[in-house]
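The chain contents come next:
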Amino acid sequence: MRNEYLAELYHLAKNDRNVLSLVSDNGMIVYDEFRAAFPEQYFNFGISECHMIAAAAGMATCGKIPFAYTISSFLAYRAYEFLRLDVCLENLNVKIVGIGTGVSYGYLGPTHHTTEDLALLRSLPNLTIFSPASPMEAREAVRAAYQIKGPVYIRLGSSGEPEVHTEKFSFEIGKGQVIFDGHDIALITSGAITAEVKIAAERLMEEGISVKLISMHTIKPFDEDLIAKTAEKVSKLAVIEEHNIIGGLGSAVAETLADRQIAIPFYRIGLYDQFAKGYGTGQQVRMQNRLDSEGIYQQISQYVKEG
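Residues numbered from 1 in each chain as written. Predicted model: local features only at pLDDT ≥ 70, side-chain atom pairs only at ≥ 80, totals over all residues. Heavy atoms only, no water.

A.B. asks: Tell me what's going on with the overall build of the protein chain, and back it up with residues and numbers.
C.D. replies: Counting its secondary structure elements, the protein chain contains 12 helices and 12 strands. Its C-alpha radius of gyration of 19 Å places the protein chain within 12% of the 19 Å reference for a compact globule of 307 residues. Expressed as lengths along the three principal axes of its C-alpha atoms, the size of the protein chain is roughly 60 × 40 × 35 Å. With 307 residues in all, the protein chain has 61% of them scored as buried. Surface summary for the protein chain: the accessible area is close to 12,600 Å², and the carbon and sulfur share equals 50%. Of the side-chain charges in the protein chain, 28 are positive and 37 negative, and the distance between the mean point of each set is 2 Å. (Helix = DSSP H or I, 4+ residues; strand = E, 2+ residues; numbered from the N terminus. Rg over C-alpha atoms; globule rule 2.2 N^0.38 Å. Buried < 20%, exposed > 50% of the residue type's maximum accessible area, 1.4 Å probe, protein only. Areas by Shrake-Rupley, 256 points an atom, 1.4 Å probe, with all protein chains shown as cover. Lys, Arg positive; Asp, Glu negative; His and termini not counted. Charge placed at Lys NZ, Arg CZ, Asp CG, Glu CD.)

This is the structure in C-alpha cells:
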C-alpha cells in the first residue's frame, strides 16, 4: 500500500504544485524520488508529529494541500489534540496519512501498534476516514482524498500487502465494496487484515458455506445502507478487524444495526479490550492474537456451527 500511496502522491504533486508532502522523521529512502523531483513541495519535520500537523493546518489556510505522513500510532495518539483543534475544528483541507496500522510494526511492540485509532478519530467531526484493504484501494483512496475539500485520514498497512480484488472496481466514498456475494454469513472487514479474512472466507466456501465478504474501505462516512441490506439477506454477521473491538469497525456496524432496529446474530473478532500480545513480524503478532487467516477461520467456523 505504501508504494501505491507514494506513486499516486507523486502524480498529484506533479500536476498540482499546491500538493505538499510532509513527513515526520521517516520515509527518507522511499521519498528520495519525490524529494528530488519536487524539493519545494517536501518538508521533513523530524520527530515532531504535533508540529507537522500544526504546520499542515497553516499551509492549508494558504491554499496548499498538505499530505502529512508518518507512523499511524504517532498521528492518532500523539498528535490527537492538533488533529482535533487545528485541523478538524477548522475543517481544513489537510490529508493525514498513517502508515503501519494494526500490528504491522509487530517487532516494535505496542508503542508502534495502531489498534485504537478508529475509536479516537471516528468521533471527530468533519473527518473522512479511509481504511483501504489493498494496493488498488489505497490508490483510489488517495485520489478521493485529493478531491475532498476537508480533513481526511488514510490508514495504510505497511508494504507488500496482496491485492484482494481480481478486477477493477468503482471506488465510491462512503460505499463498501463486495468481494464475495454469498447468503449464509457476511464477513465485514477493513484495512490490511482483509487479505487474511479473504483466505478464511475461501476456506469456508470450500466447505459449502456461502460467504458474503465486504471491504469497508470508507469508515466515515459509513455505508449503513449496505449493512442494512446485507442483514436482510444473510443469517449471520461477523466483523473482523485489526483493532480493539471497542470503537472500531465492529462498533460502527453495531450502531447501524441498533439505529435501524435490525435484529441479527452478530459476532466481533479483534482485540478484546486488550493490547496485542507478543512480538515479531506483523504476521507473527497476528498469529499470536488469532488474527491471521487460520485464527479467523477457526473463530468463524465455530460461530457458524453454533447454529
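A.B. asks: Describe the pairing of strand 4 (residues 95-99), and please don't skip the residues or the numbers.
C.D. replies: Taking burial as the measure, the 5 residues of strand 4 include 5 buried ones, the bulk of the element. The side-chain alternation of strand 4 yields two buried faces, one formed by Lys 95, Val 97 and Ile 99 and the other by Ile 96 and Gly 98. Relative to strand 4, strand 3 (residues 65-71) runs parallel, the two sharing 5 bridges. Within strand 4, the residue paired with Phe 67 across the bridge is Lys 95. (Pairing = 2+ DSSP bridges.)

A.B. asks: Help me get a handle on the pattern of salt bridges, residues and values and all.
C.D. replies: Applying the stated rule across the entire model yields 13 salt bridges. When the shortest N-O distance is used, the salt bridge between Arg 78 and Glu 49 registers 2.9 Å. With Arg 78 in helix 4 (residues 72-78) and Glu 49 in helix 3 (residues 49-61), the pair connects residues that are 29 residues apart, well separated along the chain. Glu 242 is the salt-bridge partner of Arg 286, the closest N and O atoms lying 2.9 Å from each other. (Salt bridge = Lys/Arg side-chain N within 4 Å of Asp/Glu carboxyl O.)

A.B. asks: Let's hear about the packing of helix 9 (residues 224-233) against helix 10 (residues 249-259): which residues, and what values?
C.D. replies: Where helix 9 meets helix 10, the axes come as close as 10 Å, and the angle between the chain directions of the two elements is 70 degrees. The angle between the axes of helix 9 and helix 10 places the two elements in the roughly perpendicular class. Relative to helix 10, helix 9 is oriented so that their crossing is right-handed. Mapping the contact onto sequence places Glu 224, Ile 227 and Ala 231 in helix 9 and Val 253, Thr 256 and Leu 257 in helix 10. Its residues placed into classes, the contact of helix 9 with helix 10 shows 4 nonpolar, 1 polar and 1 charged. (Axes fitted to C-alpha atoms, helices over the stretch in contact; angles between N-to-C directions. Parallel < 35°, antiparallel > 145°, perpendicular 65-115°, else oblique. Left-handed = near helix turned anticlockwise from the far one by under 90°. Contact = heavy atoms within 4.5 Å. Nonpolar A, V, L, I, M, F, W, Y, C, P; charged D, E, K, R; others polar.)

A.B. asks: Report on the packing of aromatic side chains, specifying residues and quantitative values.
C.D. replies: Evaluation of the coordinates by the stated rule reveals 8 aromatic pairs. Judged by centre distance (5.2 Å) and plane angle (65 degrees), the ring pair of Phe 34 and Phe 38 falls under edge-to-face. The class for Phe 34 is buried, based on a relative accessible area of 4%. An aromatic cluster is defined as three or more aromatic residues linked by ring pairs; in this entry it consists of Tyr 5, Tyr 10, Tyr 31, Phe 34, Phe 38, Tyr 42 and Tyr 69. Lying across the ring of Tyr 42, Arg 35 places its NZ or CZ 5.3 Å from the centre. (Phe/Tyr/Trp six-rings, centres within 6.5 Å; stacked < 30°, edge-to-face > 60°. Lys NZ or Arg CZ within 6 Å of the ring centre and 35° of its normal.)

A.B. asks: How would you sum up the sheet that holds strand 3? Please name residues and give values.
C.D. replies: The 7 strands are arranged 2-1-3-4-6-5-10 in an open sheet whose pairing can be described as mixed. Both outer strands of the open sheet, strand 2 (42-44) and strand 10 (218-220), are each paired with one neighbouring strand and no more. Along the sheet, successive strands turn relative to each other by an average axial angle of 20 degrees, direction set aside. Pairing geometry for strand 4 and strand 6 (residues 152-155), over 4 bridges, is parallel. Note on strand 6: the bridge partner recorded for Ile 96 is Tyr 153. Strands strand 1 (19-23), strand 3 and strand 4 of the sheet are contacted by helix 1 (residues 2-15), whose axis makes an angle of about 160 degrees with strand 3. This element, helix 3, spans strand 1, strand 2 and strand 3 of the sheet and lies at about 170 degrees to strand 3.

Geometry only, nothing functional implied.
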